[in-house]
Structures are given as C-alpha cells and as structure tokens.
Amino acid sequence: MSWYEALEAGELAVRPSVDAAKRFGVAIDRMSVSASAGTPLAEVLAAVEKSTADVIVLRYPARETTWFAALASGPRQALLADTVVCWALPVGKGRRPAPLAGFSTQIEADVDDDQVDDLVADVFGDSGNHYCSNPVFDRAKALAGRQEWARRRIADAGAVVLRGPDRRVLALAALDQQRSWTEIQLAGVVPAEQGRGRYGHLLAAVEDACTTRRLVVTAQAHQTGIQRIWSRYGFEPVHNLLTVHLVAAT
C-alpha cells in the first residue's frame, strides 16, 4: 500500500489486484481508506457487497475500532491480517552516523536479481506479510511475489546501494520519489553485515538521495526491530492501519 493510499487519498480506493490474482489463482480486490478520506463505514460495506472477488484485501485507519465487528458480521469471513505503522522524518533531520572510510553510496540502475531476491527473502522470509495470515494464500508464493515486485521496482527506478571498500553490496533501498515525499519501499542489509550499524548508513544515503522534504516508510507492527532503528534515526510514527481479508463463502 502506497503512502498516498494510506494517508492522502481523498476517497475510498478500489481496484483489482491483477498480479496477485495470477499468482494465487483467486480473484482479489484491494480496498483502502486513507487517514484523510473521512469515508463512512456504510460506504465501505456497500463496496464490499458490490465486489465479486474471492478475497478483498481491505486497509483502513486503526482508529476505526468499530469497523471490524461490522465487517465480520457480513456474509464474508473476516480475517485480521496485520497492522501497518507509518513513519515519517523531515529530510535533513536524521541522526546520521559518522561516515565510514572507504564506504560509498550511490543510486545504481542495475542491481543483480539474485542479490535482490536474497535480500527480500532475508528481510521478509520469516516475518511474512499479510498474505501469510490467510490459508487461501501460499506463503512461498507470497514471498516470490515480493521478490518479483522488488526486482521490477529496482529495474524501473534503480536503488540506493551501500558498498564496502571491496565494492561488495552491503545494503540497498528502493525509493518512490513523489512531489511531497520520498517513500522507502524496500530497505535491508545483507545478512553477513547485519548488526554492524550498516542500516544507519543506508538511511543517511537515502536522505542524501531525497528530492523532497519528507522521508516516509511503513512496516508491519510486529517488525519491532526495524522500527527501533527508525526511531533512533529520528523517524516518528504518524499513522496506523489495519489490514483485513474478507473471504467469500465457498
């Protein structure tokens, strides 16, 4: 879910998830209610009733504490899939680590696909994503979909890459640069370099690459380790979303 859909879209957004449908073999609709939309529950329930998809992936503000009971009372099975936490940092305000001699960072247009796959598997393989909460979806296919997305995203827009003195890739981040914000869509440190402070240097490189005044990122609530790093760097939480899967009766 993009930052725009999470916080700034002015209305309920509904769209078919074509790639995921092909991957999992079931029809999927994505519905999202942003923090600023003010969408009433009645409108959401009407959109749910209208959908013919096998599964609806609905994300809405966690402040709407009464919605889940209403969704669960409908004809579809309601599964609480995850909670997403949105973080933001004014660019230039990060608590940057001291530079490392011999290390370099730059935006690179070509990153080895195997490296991308390995990084995504390491970052998301154990924690999974919202698909893993639903027995309709295969966990291995969910990870493969994340890897495919990351390869495609980096091929289109490049990535911020941190390299050591021997030019090995130590960490990388994929960004989405918009007019008002820059979103970190994927970021991680290769397994051999984890626990050595590399992520802070990657965040500093991302700040340098920003063309906007605001740097934003999201994570599932249970991914506390990475959120502690963001907090130490200067990010602050600004919004929470719930993800609910609504599964049609078979």
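As a reminder, the structure under discussion sits directly above these lines.
Parameters at a glance
- Residues numbered from 1 in each chain as written.
- Predicted model: local features only at pLDDT ≥ 70, side-chain atom pairs only at ≥ 80, totals over all residues.
- Heavy atoms only, no water.
- Helix = DSSP H or I, 4+ residues; strand = E, 2+ residues; numbered from the N terminus.
- Rg over C-alpha atoms; globule rule 2.2 N^0.38 Å.
- Buried < 20%, exposed > 50% of the residue type's maximum accessible area, 1.4 Å probe, protein only.
- Contact = heavy atoms within 4.5 Å.
- Lys, Arg positive; Asp, Glu negative; His and termini not counted.
- Charge placed at Lys NZ, Arg CZ, Asp CG, Glu CD.
- Salt bridge = Lys/Arg side-chain N within 4 Å of Asp/Glu carboxyl O.
- Phe/Tyr/Trp six-rings, centres within 6.5 Å; stacked < 30°, edge-to-face > 60°.
- Patch = residues over 30% accessible without salt bridge, like charges linked within 9 Å, V, L, I, M, F, W, Y side chains within 5 Å.
- Areas by Shrake-Rupley, 256 points an atom, 1.4 Å probe, with all protein chains shown as cover.
- Axes fitted to C-alpha atoms, helices over the stretch in contact; angles between N-to-C directions.
- Parallel < 35°, antiparallel > 145°, perpendicular 65-115°, else oblique.
- Left-handed = near helix turned anticlockwise from the far one by under 90°.
- Nonpolar A, V, L, I, M, F, W, Y, C, P; charged D, E, K, R; others polar.
- Core = buried A, V, L, I, M, F, W, Y, C linked by side-chain atoms within 4.5 Å.
- Expected span 1.5 Å × (residues − 1).
- Pairing = 2+ DSSP bridges.

S.K.: Go over the overall build of the protein, please, and point to the residues and values.
M.R.: Along its length, the protein carries eight helices and 10 strands. Rg of the C-alpha trace for the protein: 19 Å, near the compact-globule value of 18 Å for 250 residues, within the 12% margin. Classification of the 250 residues of the protein by burial places 48% in the buried group. Here the contacts in the protein between residues at least 6 apart in sequence split such that 76% fall between residues at least 24 apart. Charge-centre separation for the protein: the mean point of 27 positive side chains lies 4 Å from the mean point of 29 negative side chains.

S.K.: Give a detailed account of the pattern of salt bridges, specifying residues and quantitative values.
M.R.: Applying the stated rule across the entire model yields 15 salt bridges. A salt bridge links Glu148 to Arg152; its shortest N-O distance comes to 3.6 Å. Pair noted here: Glu148 and Arg152 are both in helix H6 (residues 139-157), with a separation of four residues, about one helical turn. Exposure remark for Glu148: the relative accessible area of 34% places this residue in the partly exposed category. Several salt bridges share partner residues, and in doing so they unite Asp166, Arg168, Glu193, Arg196 and Arg198 into one network.

S.K.: Any chance you could break down the packing of aromatic side chains for me, citing the residues and the numbers?
M.R.: Applying the stated criterion across every chain yields a total of seven aromatic pairs. Between Tyr60 and Trp67 the ring centres are 5.1 Å apart and the planes differ by 35°, which places this aromatic pair in the tilted class. A residue is classified by how much of its surface remains accessible, and Tyr60, at 0% relative accessible area, is buried. With a relative accessible area of 4%, Trp67 lands in the buried category. In this structure an aromatic cluster arises from ring pairing among Trp87, Trp230, Tyr233 and Phe235.

S.K.: How would you summarise a negative patch on the surface if you had to cite specific residues and measurements?
M.R.: On the surface, a cluster of negative charge is made up of Asp110, Asp112, Asp113, Asp114, Asp118 and Asp122. Overall, the relative accessible area of 32% leaves Asp122 in the partly exposed class.

S.K.: Pulling in residues and values, what's your account of the packing of helix H5 (residues 113-124) against H6?
M.R.: Each pair of packed helices can be described by the angle between their axes along with the distance between the axes. Look at H5 against H6: their axes get within 9 Å of each other, and the N-to-C directions meet at 135°. The angle between H5 and H6 places the two elements in the oblique class. Between H5 and H6 lies a crossing of right-handed hand. Side by side, H5 and H6 meet where Asp113, Val116, Asp117, Val120, Ala121 and Phe124 of the first sit next to Leu143, Arg146, Gln147, Ala150, Arg151 and Ile154 of the second. Each residue belonging to the contact of H5 with H6 can be placed in one class, and the counts come to seven nonpolar, one polar and four charged.

S.K.: Can you tell me about the nonpolar core, naming the residues and giving the values?
M.R.: If you look at the biggest cluster of nonpolar residues, it comprises 26 residues, and the most contacted ones within it are Val160, Ile184, Trp230 and Phe235. Residue assignment for this core shows that the elements contributing at least two residues are strand E4 (77-90), strand E6 (159-163), strand E7 (169-177), strand E8 (182-189), helix H7 (198-209), strand E9 (214-220) and helix H8 (224-233). Broken down by element, this core gets its largest block of residues, seven residues, from H7. In contact with Trp230, other than residues within four places in its own chain, are Trp87, Tyr199, Leu203, Val217, Thr218, Ala219 and Phe235. If you look at the next biggest cluster of nonpolar residues, it comprises 16 residues, including Leu12, Val44, Ala47 and Leu58.

S.K.: Describe H6, naming the residues involved and giving the relevant values.
M.R.: For H6, spanning 19 residues, the distance from its first C-alpha to its last is 27 Å, which sits close to the expected 27 Å at 1.5 Å a residue. Within H6, the full set of buried residues consists of Ala142, Gly145, Gln147, Ala150, Arg153 and Ile154. Contacts from the buried residues of H6 go to helix H2 (18-24), H5, E6, E7 and E8. Among the residues trailing H6, Gly158 stands out with phi positive, at a value near 75°.

S.K.: Could you give an account of the sheet that holds E7, with specific residues and numbers?
M.R.: Pairing between the strands of a sheet comes from backbone hydrogen bonds, and it takes one of two forms, parallel or antiparallel. Spatial strand order, E1-E2-E3-E10-E4-E9-E8-E7-E6-E5: 10 strands in an open sheet with mixed pairing. The strands lining the two open edges of the sheet, one partner per strand, are strand E1 (13-16) and strand E5 (104-108). Geometrically, the sheet is characterised by an average inter-axis angle of 25° between neighbouring strands, direction not taken into account. In terms of strand pairing, strand E2 (residues 28-32) meets strand E3 (residues 55-61) through five bridges, oriented parallel. By the bridge assignment for E3, Ser32 is matched with Arg59.

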